[in-house]
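Here is what each chain is made of, one letter per residue.
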2 protein chains.
Amino acid sequence: MDFKFLQELIVPAKTKIVLLIMDGLGGLPLEPGGKTELETACTPNLDALAAKSALGLTQPAGPGITVGSGPGHLAIFGYDPIEYEIGRGALEALGVDFELGPADVAARGNFCSVDENSVITDRRASRIPSDLSCELVKLLNTIKLDGVEFFVKPVKEHRFAFVMRAPGLGDALSDTDPLKVGAATLPVRALDCESEKAAQYANQFIEQARCLLRDKHPANMITLRGFAKLPHIPTYPELFGLHAAAVAINGMYRGVARLAGMEVLDVWGDTLADEFSTLEKCWNDFDFFYMHVKKTDTCGEAGDFMGKVRVIEEVDSLMPRLLALNPDVIVVGGDHSSPAVLKSHSWHPVPLLIYGKYVRPDGICEFGEHACSRGSLGVLPATHVIRIALANAGRITKYGA
Amino acid sequence: MDFKFLQELIVPAKTKIVLLIMDGLGGLPLEPGGKTELETACTPNLDALAAKSALGLTQPAGPGITVGSGPGHLAIFGYDPIEYEIGRGALEALGVDFELGPADVAARGNFCSVDENSVITDRRASRIPSDLSCELVKLLNTIKLDGVEFFVKPVKEHRFAFVMRAPGLGDALSDTDPLKVGAATLPVRALDCESEKAAQYANQFIEQARCLLRDKHPANMITLRGFAKLPHIPTYPELFGLHAAAVAINGMYRGVARLAGMEVLDVWGDTLADEFSTLEKCWNDFDFFYMHVKKTDTCGEAGDFMGKVRVIEEVDSLMPRLLALNPDVIVVGGDHSSPAVLKSHSWHPVPLLIYGKYVRPDGICEFGEHACSRGSLGVLPATHVIRIALANAGRITKYGA
């Protein structure tokens, strides 16, 4: 997507856009000829909205490509997820709501078990419970070094997020996890000149961690991998002149939204209804709202077909609260598919609905994979969605005379 | 579109292609669930042709982008309208049938009103009637300067087209219209070195115009904006080996067709029937015909839903004359959408039909937005249309063995 071209056509407007993302929305039938999760769900409100909408199926990163939630979200936000890559370390830090700065280098950390010869005996330290992990993270946070700040945040069980903050750090750094037991952990190596200093800091951190954890078996050592800084991406205010807000509970989604220049709102509570309350409360303060529903994906990944159906039905039951706000444009879609039968993310195109007063409605009275495959938007790159939403919101002026 | 790749595959043939463009063809229903202009129109001939055709919806410049007629036409002619931009001044000159040369610099001109301090009091000179404007344009055409030729052509009311002709002129020139009343007109500034001379010529012209118009209140001054040369674009004969002709009444469309290397035919009369007569008369002399229907757009922009319906019905009633010529390939489409409910151009994809003996027909017996959204061509960039037409006309050979 040529942002410069689009940016020059952006005009201000008083319209409001809501982008409602059900994570991992796309699904598959349990058996050939059956219905998907979305098609099985009883969704009278979404079906009624579909009848007044244009439908299609989105591909986050082209045909056949399965994406993680990071690239999936970048794509539906309008950014080419192949051009703008968010490294795993950075995603992990965002996932624990760490406010990662543009110069920070982040990594995924694991507690692991090593024997007296420093050889790994368990890459996940017997998956130590999260509360024990929290204690050990406190220990790691005592490590100090001149010229650099370290931040360690617990994730879950043996996992933690690791961040180095100092001016001029590069992130071309090798992993320390040998990815097998019976081998020693590896030192961090700089893969370019700019990353030499970062490699030294990381190795010094690791050596101090080794000392601190010496008698903490099974969590007596750490590994670090996926070192990454945040990519610089042009923001929603810069690109589209949108004063954008994110309503999301989970850290990673909040982090990607922040990266796109959205203001991340505090959600008081952890239910879907709480997210809708946040939307209502802040309705007058923004002109773009990204809303994130996590549990469709959680159920999909767990293989819980009916659980995913119920989450979709809950979203549907809350739709009247969204509609009552009378947004000018509503987009309902997903960041990727997560069919329960696959128990994982998948490459299948994702159902999409774009509603607005000036949309050309397809007249298809159902929101589901098969219905969307008959929609006028066809199979489209997810990156196109924001453009169409902006057009329908009167925020793109005519190109040429 | 990679012209070089395509160009190498072009082979001669004795086939004929007709590209029938209804300007602003795409529409919207008056109310949700209703029919668009094209769907409302009674079009037995187009419907019968659709049944033997492949259908789809075109996007002139990607999703969400509304285009002017210039880029809209470039796109349906096969040129990327973002790569090949026609500036506003050049379009204005083409619009009054001025044969703009490759070195000419054109601008849009306005008569305006200024007070005794040269401050603008009316940017449109009370929209003086066109006949008065014609008289004043005659006056401006008396301005002579060594080393450069000036051409001024009336457009409508206070508007005129201005052209400078001299070797080596650049077109990176600033506007003189301050875009508000209460400010003086601005001098033309050169925005690069190559445009210095053009800026001097334009400023000298403006000063002479100021003297000539001194006592012509309300039209006692001029502004110039949108300075532009024509872009160089590869032509239909060069690219496709087509001996192409344009049947269009309005200047701008004639100008864009000329830019693409089409021979612009004289239409004796100003009705649609006259255009079809021209087609018939010249049928043996060319192998590609672009036909332009203006009034679909005029009605759309005027908000005249039923007027647009009637223009489409008139086109339909003339289709038997086109079919009687037995073209090998017929394309019916538009350069952009102009829904009457929006009273403007819009971003909505445009209905398209491609008929030919070797087309794979969709078997959809209707030509309309919803019918086309079910078509096998899907939503496609408008730039792809000419390729498919050429293929169906046996003018593209096999790539590779």
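Computed from a prediction, not measured in an experiment: that's the story for all the values here.

1. So, the relation of the copies chain B and chain A
If you rotate chain B by 124° and push it 0.4 Å along the axis, it lands on chain A with an RMSD of 0.2 Å. Within this description, the copies of the chain are treated as partners about a three-fold rotation axis.

2. Observations concerning the side chain of Asn220 of chain B
Secondary-structure assignment places Asn220 of chain B in the loop between α7 (196-212) and β7 (221-228). For Asn220 of chain B, the residues in contact, after removing those within four places along its chain, are Cys112, Ser113, Val114, Arg210, Leu213 and Arg214 of chain B.

3. Here we look at the pairing of strand β6 (residues 159-165) of chain A
Residues and elements named next belong to chain A. Most of β6 is tucked away, with 5 of its 7 residues classed as buried. The pairing of strand β3 (residues 105-114) with β6 spans 6 bridges and is antiparallel. Counterpart to Val105 in the pairing with β6 is Met164. Judged from the 7 bridges that link them, strand β5 (residues 149-156) and β6 form a sheet pairing that is antiparallel. Residue pairing across strands places Pro154 opposite Phe160, the latter belonging to β6. Counting the residues in the hairpin turn of β5 and β6 gives 2 residues, including Glu157, whose phi is positive at 50°.

4. Remarks on the packing of aromatic side chains
The geometry of an aromatic ring pair is captured by two quantities: the separation of the ring centres and the angle between the planes. All names here are of chain A. Counted under the stated rule, the structure contains 34 aromatic pairs over all chains. With a centroid separation of 6.3 Å and an interplanar angle of 75°, the aromatic rings of Phe77 and Tyr236 are classed as edge-to-face. Taken together, the positions of Phe77 in helix α4 (residues 69-77) and Tyr236 in helix α8 (residues 236-240) put the pair 159 residues apart, joining distant regions of the chain. Side by side, Phe77 and Tyr236 carry an identical accessibility label, which is buried.

5. Observations regarding the pattern of salt bridges
Residue and element names in this part refer to chain A. All chains considered together, the criterion is met by 29 salt bridges over all chains. We note a salt bridge from Asp97 to Arg254, for which the minimum N-O separation is 3.2 Å. One end of the pair, Asp97, is in the loop between α5 (88-95) and β3; the other, Arg254, is in helix α9 (residues 251-259), and 157 residues separate them in sequence. Residue classification places Asp97 among the partly exposed residues on the basis of a relative accessible area of 32%. Note that Glu280 and Arg321 form a salt bridge whose closest N and O atoms lie 2.7 Å from each other. Residue Glu280 is found in helix α10 (residues 272-281), and its partner Arg321 is found in helix α12 (residues 305-324); the two are separated by 41 residues along the sequence. For Arg321, a relative accessible area of 27% translates into the label partly exposed.

6. Examining the interface of chain B and chain A
Counting from both sides, the interface comprises 32 residues of chain B and, opposite them, 21 residues of chain A. With both sides pooled, the region where chain B packs onto chain A buries about 2,200 Å², and carbon together with sulfur makes up 63% of that total. Contact with chain A buries surface across chain B, with Pro63, Ile65 and Trp347 of chain B losing the most and accounting together for 25% of the total. Here chain B is connected to chain A by 0 salt bridges. Taken together, the connections running from chain B to chain A amount to 10 residue pairs in polar contact (both at pLDDT 80 or more). Among the secondary structure elements, those contributing two or more residues to the side of chain B that touches chain A are α4 (69-77), α5 (88-95) and α13 (369-373) of chain B. Classifying every residue of the side of chain B that touches chain A gives 16 nonpolar, 12 polar and 4 charged.

7. Focus: the sheet that holds strand β1 (residues 17-22) of chain A
All names here are of chain A. Strand order in the open sheet made by the 8 strands is β9-β8-β10-β1-β11-β12-β2-β13, with mixed pairing throughout. In the strand order of this sheet, the two ends are held by β9 (263-264) and β13 (378-381), each with one partner. The pairing of strand β2 (residues 53-59) with strand β12 (residues 350-356) spans 6 bridges and is classified as antiparallel. Within β12, the residue paired with Leu57 across the bridge is Pro351.

What counts as what
All residue numbers here refer to positions counted from 1 along the written sequence of the relevant chain. Naming scheme: in the order in which they are written, chains are lettered from A and ligands are numbered from 1. Thresholds applied to this predicted model are a pLDDT of at least 70 for local features of residues and 80 or more for the giving and counting of side-chain atom pairs; totals over whole chains, interfaces and linings are not thresholded and use all residues. Excluded from the side-chain calculations are hydrogens and water; all other atoms, namely the structure's heavy atoms, are used. Fitting of the copies onto one another was done by least squares over C-alpha atoms, counting residues only where both copies have pLDDT of at least 70. For helices the rule is a DSSP run of H or I covering at least 4 residues; for strands it is a run of E covering at least 2, with both sets numbered from the N terminus onward. Throughout, a contact is declared for two residues whenever any of their heavy atoms are within 4.5 Å. Between buried and exposed lies partly exposed: a residue is buried under 20% and exposed over 50% of the maximum accessible area for its type, with that area taken using a 1.4 Å probe on protein chains only. Strand pairing is defined by DSSP finding a minimum of two bridges between the two strands. The aromatic pairing rule takes the rings of Phe, Tyr and Trp, using the six-membered ring of Trp, and pairs them if the centres are within 6.5 Å, calling planes under 30 degrees apart stacked, those over 60 edge-to-face and the rest tilted. Only one rule defines a salt bridge in this text: a Lys or Arg side-chain nitrogen within 4 Å of an Asp or Glu carboxyl oxygen. Buried area: the accessible surface (1.4 Å probe) lost by two parts on joining, summed over both. We define a polar contact as two N or O atoms separated by no more than 3.5 Å, with the added condition that, inside protein, one atom must be a possible hydrogen donor and the other a possible acceptor, whereas residues neighbouring each other in sequence contribute only through side-chain atom pairs. Charged means Asp, Glu, Lys or Arg here, nonpolar means Ala, Val, Leu, Ile, Met, Phe, Trp, Tyr, Cys or Pro, and polar covers whatever is left, Gly included.

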